[in-house]
Amino acid sequence: MAKRIKRIGVTGGIGTGKTTVCNFLRALGCEIFSADIEAKRLQEIDPDVVAGIKNIFGKEIYDNGIPNRKRIAEIIFDDKEKLAQLNALIHPKVFRAFDEAARRAEAEGKTMIAKEAAILFESGGEKGLDAVLVVAADLDIRIARLKARGLSEADIRARMSRQFSQDELLKRADVVIWNNHSLDLLEAETKHAYLKLLALPYRNH
Ligand code: ATP
């Protein structure tokens, strides 16, 4: 029988370098599944999700088949009930899509699949994973990177306040990559982390 695929989570606060690490992991042969991209896709093409969002936020939240994400983010920031309803609508479907992606990748003989999620633990998305890789970086470096991408400091701090703190994430990590230096070093660190993750035992699930 083919070897079981290792399912890992990749998370970290904004501006730590999750996406960059995932690109390096992909080059090493790891399948990458972006929970954020899948959630966005579902909000545009999944009939149940579209109907559910219109139910929660009103039909006018959609414009030409695209939901107004900025407006939704503003509403759920103040309304925990609506946030819970939105999560209940989307998270199980993202969970299932990851499971399908993992089965497909396993059938193709891949040894590892990574679920990249900005909020992994907050959404219970670590369930069913064999290990979690946390990408971390010093706060001032993260802020500088995000500013270079055009975000304001106020926006950065607001986004950070909605995520687990880096310390919380580090406590839950099986493997950590610190990304305070060059991209070359990050690439080398990613390879090292990849080998560590491959060597970890599977979790029962
Ligand atoms: P977000 O949560 O906002 O999507 P992220 O954690 O996925 O962020 P990336 O998009 O990978 O982070 O990186 C943020 C920015 O910092 C990108 O523009 C990326 O190219 C840059 N970056 C990441 N790591 C480094 C590094 N070691 N040196 C220089 N630039 C870097």
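Everything that follows concerns the structure shown earlier in this document.
Owing to the predicted nature of the structure, the values given are computational and were not obtained by experimental measurement.

Among the secondary structure elements, D46 is positioned in the loop between α2 (35-45) and α3 (47-57). At 3.2 Å, the side chain of D46 forms a polar contact with the side chain of K93. For D46, the residues in contact, after removing those within four places along its chain, are R41 and K93.

Right, let's get into the side chain of N179. Relative to the helices and strands, N179 is located in the loop between β7 (175-178) and α9 (183-199). With residues near it in sequence (within four places) discarded, N179 still touches T16, G17, V135, A136, A137, I141, R145 and L186.

In the vicinity of the ligand, 15 residues are found, and the nearest of them are K18, T19, T20, R149 and H181. K18 places a side-chain nitrogen or oxygen 2.7 Å from an oxygen atom of the ligand. N179 has a polar side-chain atom sitting 2.8 Å from a nitrogen atom of the ligand. Relative to its unbound accessible surface of 630 Å², the ligand loses 74% to contact with the protein. Looking at the shell around the ligand, the elements that each hand over two or more residues are α1 (18-27) and α6 (139-148). Top contributing element to the shell around the ligand by residue count: α1, with three residues.

A few words on the nonpolar core. Counting residues in each nonpolar core, the largest one holds 32 residues, and the members touching the most others are F33, I53 and F57. Put simply, the parts of the chain that give this core at least two residues each are α2, α3, α4 (69-78), α5 (80-107) and β6 (131-136). Among the elements that take part in this core, α5 stands out by supplying eight residues, more than any other. Contacts of F57, omitting those with residues within four sequence positions, involve I72, I75, I76, K82 and L86. The next biggest cluster of nonpolar side chains, apart from the first, holds 19 residues, and it includes F24, L25, A114 and L186.

Conventions and cut-offs
Residues numbered from 1 in each chain as written. Predicted model: local features only at pLDDT ≥ 70, side-chain atom pairs only at ≥ 80, totals over all residues. Heavy atoms only, no water. Helix = DSSP H or I, 4+ residues; strand = E, 2+ residues; numbered from the N terminus. Polar contact = N/O pair within 3.5 Å; in protein donor to acceptor, adjacent residues only side chain to side chain. Contact = heavy atoms within 4.5 Å. Near = heavy atom within 4 Å. Areas by Shrake-Rupley, 256 points an atom, 1.4 Å probe, with all protein chains shown as cover. Core = buried A, V, L, I, M, F, W, Y, C linked by side-chain atoms within 4.5 Å. Buried < 20%, exposed > 50% of the residue type's maximum accessible area, 1.4 Å probe, protein only.

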